[in-house]
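So you can see what is in the structure, the chains are spelled out below.
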Amino acid sequence: MTPELVLLVLAVVTALAFDFTNGFHDTANAMATSIATKALTPKVAVALCAVLNLIGAFLSVEVALTVTNAVIRIQNPDGSPRTELLTDGGRPLLMILLAGLIGAIVWNLFTWLRGLPSSSSHAMFGGLIGATIAGLGVNGVKWAGEGAKLDGVVGKIILPGLASPLIAVLVATVGTWLVFRIARGVPEKVMDKGFRWGQVGTASLVSLAHGANDAQKTMGVITLVLIASGHWVDTHAIPLWVKVACAGAIATGTWLGGWRIIRTMGKGLVEISSPQGMAAEASSAAVILSSSQLGFALSTTHVATGSILGSGLGRRAEVRWSIAGRMGLAWLITLPCAGLVGAVMWWIGTSLGPWLGPIAIFMILVVLSLWMWLHSRIKPIGHHNVNDDWEPEDRSTTVPVPQELVR
Amino acid sequence: MTQTMAAIDAVWKVLAIGLLLGAGLPALFSLGVRQLAVASEPGANAPLRRTLAWLAFSIVGGAVALGIAGIVAHGLGYKLFF
């Protein structure tokens, strides 16, 4: 055992854990509407979504290796790590990745606990940016791209982050309005039955696109870890076991389902009917697919939430703006919060030395995750109660004490 | 500034495709559902309505299939459409 090996193993495990939370967090993007309208039972919905994410993950190979190049300067343009970060078996680079991913996971779990759909990509990039600032200074971050190619924090995160929910809201509003306008006078039962099919089809497309888009980010990070530590050389290919492990991690996360987020998106934001569900998922699918073709790096979560909101507006249904507002706030602070955790982890991890540092921050991650999981058990949400009626928030309600704490 | 312009360039394209496919296809699907509903009313030309309905559904289904093909092709490194 060497400290290099320990760091390598922890970085790979943490990356897979992030991939898991990525799937877990984003099940709602594709399946919240189908679950809310009962087009699919909750268990079938998450299973279908998991399978499609798995398939999608295997379909994605193209841009994975240069994933961090969008926002930070730890890789050369060809995907190989920068040589000055390769001392001590790649320790400087691995510490940045490990600390950044811990920041991303902590933020993902925290927003899950609060039932807030926030972008996993923003969390990952935020964590990496924070750890990079801590490790390499502000100049280690690529703040804006050069010329007309969208790049850097501004071009890859801020501008798409602002634009994509608005596009999705607009498309879904128009779609929903058209759907109800065209089908005016058709009995609701016929509508629901017909649109369930359309809904499942479009939701499946979103699941597949999610697997293809998101799993590759972790594949890229793990491959970078392997290259930096001297266990892989090819910058044009990803080791097969990495592909299999990442696909498995994202699919398992998806299958477990972030029920708290599914509930907020399916029941909390607006009341969804099947036609609205189809309009929302079609809007998400079209926006996600067309922008990934254009290299416009948007967040699946922002698009899906915008589409659901739009499907409520298009029908002039009640939108719970307080919840929408809280989500909007979560989006704004995702990047800085994950970044802050990432930076703090880097400081702790590097100041405790090569042996203890990585182990210490990994233990912090484990303890924080456990703590948040225990908190989630106070008011558990699962497939059994995900579709219960949304009750107005009442802060005076007494919280039932979980069984395991009573004993 | 050029970054903003590049973003606007991408935004209008995404918005245009979004409206065409993301709003257009559900609308077409809705047209199909409507034809099916009308077909079961008395005095309607049921076969014609049903044919129209299934035509609409097939176009939507075909578009979804193209979307899947797009993901596969993109994953294999081909660039489509643009």
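Along each chain, numbering runs from 1 in the same order as the chain's sequence is written. Chain letters start at A and ligand numbers start at 1, both assigned in the order the entries are written. In keeping with the model being predicted, local features are shown solely for residues with a pLDDT of at least 70 and side-chain atom pairs are shown and tallied solely at 80 or more, while totals for entire chains, interfaces and linings include all residues.

Looking at an unreviewed UniProt entry, one finds chain A named Phosphate transporter and attributed to Propioniciclava sinopodophylli. UniProt positions are given in the numbering used here, feature names are shortened, and annotations may be inferred rather than shown by experiment. Note on chain A: under the UniProt heading Subcellular location (unreviewed entry), the record states "Membrane".

Draft legend 1. Expanded view of the nonpolar core. Judged by nonpolar contacts, the single largest core of 151 residues is most densely connected at A:Leu98 and A:Val225. It is the C-beta atoms, placed from the backbone, that decide contacts: two residues are in contact if theirs lie within 7 Å. For A:Leu98, the residues in contact, after removing those within four places along its chain, are A:Leu7, A:Leu10, A:Ala11, A:Thr14, A:Gly349, A:Pro358 and A:Ile361. Linking buried Ala, Val, Leu, Ile, Met, Phe, Trp, Tyr and Cys residues through C-beta atoms within 7 Å yields a set, and such a set is a nonpolar core. To sort residues by exposure, count the other C-beta atoms lying within 10 Å of each residue's C-beta; 20 or more gives buried, 12 or fewer gives exposed, and values between give partly exposed, all with C-beta atoms placed from the backbone.

Draft legend 2. Local environment of the interface of chain A and chain B. With 52 residues of chain A at the interface, the matching set in chain B holds 40 residues. Secondary structure elements are taken from DSSP: a helix is a run of H or I of four residues or more, a strand is a run of E of two residues or more, and numbering for both begins at the N terminus. For the side of chain A that touches chain B, the secondary-structure elements that each account for two or more residues are helix H2 (42–59), helix H5 (152–182), helix H6 (188–228) and helix H9 (274–294) of chain A. Ranked by residue count, the leading element in the side of chain A that touches chain B is H9(A), at 14 residues. Each residue belonging to the side of chain A that touches chain B can be placed in one class, and the counts come to 35 nonpolar, 15 polar and 2 charged. In this count, Pro and Cys sit with the nonpolar residues alongside Ala, Val, Leu, Ile, Met, Phe, Trp and Tyr, while Asp, Glu, Lys and Arg are called charged and the others, Gly among them, polar.

Draft legend 3. Inspection of the UniProt feature "transmembrane region" (unreviewed entry) in chain B at higher detail. Following the UniProt record, one finds the feature "transmembrane region" (unreviewed entry) at residues 12–32 and 52–76 of chain B. The distance separating the terminal C-alpha atoms of residues 12–32 of chain B is 29 Å; by composition the span is 100% helix and 0% strand.

Draft legend 4. Molecular detail of the confidence of the model for chain B. Confidence of the predictor at the level of single residues is captured by pLDDT, which takes values from 0 to 100. In this model, chain B carries an average pLDDT of 87, and 89% of its residues clear a pLDDT of 70 or more. Predicted complex metrics record ipTM = 0.91 and pTM = 0.91.

Draft legend 5. Seen up close, the UniProt feature "transmembrane region" (unreviewed entry) in chain A. Residues and elements named next belong to chain A. UniProt records the feature "transmembrane region" (unreviewed entry) at residues 44–72, 93–113, 125–145, 157–180, 240–259, 329–349 and 355–374, using the numbering of this structure. In the segment residues 125–145, helix accounts for 57% and strand for 0%; the C-alpha atoms at its two ends are 15 Å apart. This span, residues 329–349, is 100% helix and 0% strand, and a straight line between its end C-alpha atoms measures 30 Å.

Draft legend 6. Spotlight on the confidence of the model for chain A. The predicted model of chain A averages 91 in pLDDT, with 95% of residues at 70 or higher. Counted against residues more than four places away or in other chains, residues 394–399 of chain A, with its pLDDT under 50, gives 2 contacts.

Draft legend 7. Looking closely at the packing of helix H3 (residues 87–113) of chain A against helix H11 (residues 321–351) of chain A. All names here are of chain A. Between H3 and H11, the shortest axis-to-axis distance is 7 Å and the interhelical angle comes to 135°. Between H3 and H11, the angle falls in the class oblique. The handedness of the crossing between H3 and H11 is right-handed. Each of Met 95, Ile 96, Leu 98, Ala 99, Gly 100, Ile 102, Gly 103, Ala 104, Val 106, Trp 107 and Thr 111 in H3 lies in contact with H11, whose residues at this interface are Ala 330, Thr 334, Cys 337, Ala 338, Gly 339, Val 341, Gly 342, Met 345, Trp 346, Gly 349 and Thr 350. Split into classes, the residues belonging to the contact of H3 with H11 amount to 14 nonpolar, 8 polar and no charged. Geometry is summarised by axes, namely lines fitted to C-alpha atoms with helices restricted to the contacting stretch, and by angles between N-to-C directions that run from 0 to 180 degrees. In what follows, roughly perpendicular refers to angles from 65 to 115 degrees, roughly parallel to angles under 35, roughly antiparallel to angles over 145, and oblique to any angle outside these ranges. Throughout, a crossing is termed right-handed when the near helix is turned clockwise from the far one, and left-handed when it is turned anticlockwise from it by less than a right angle.

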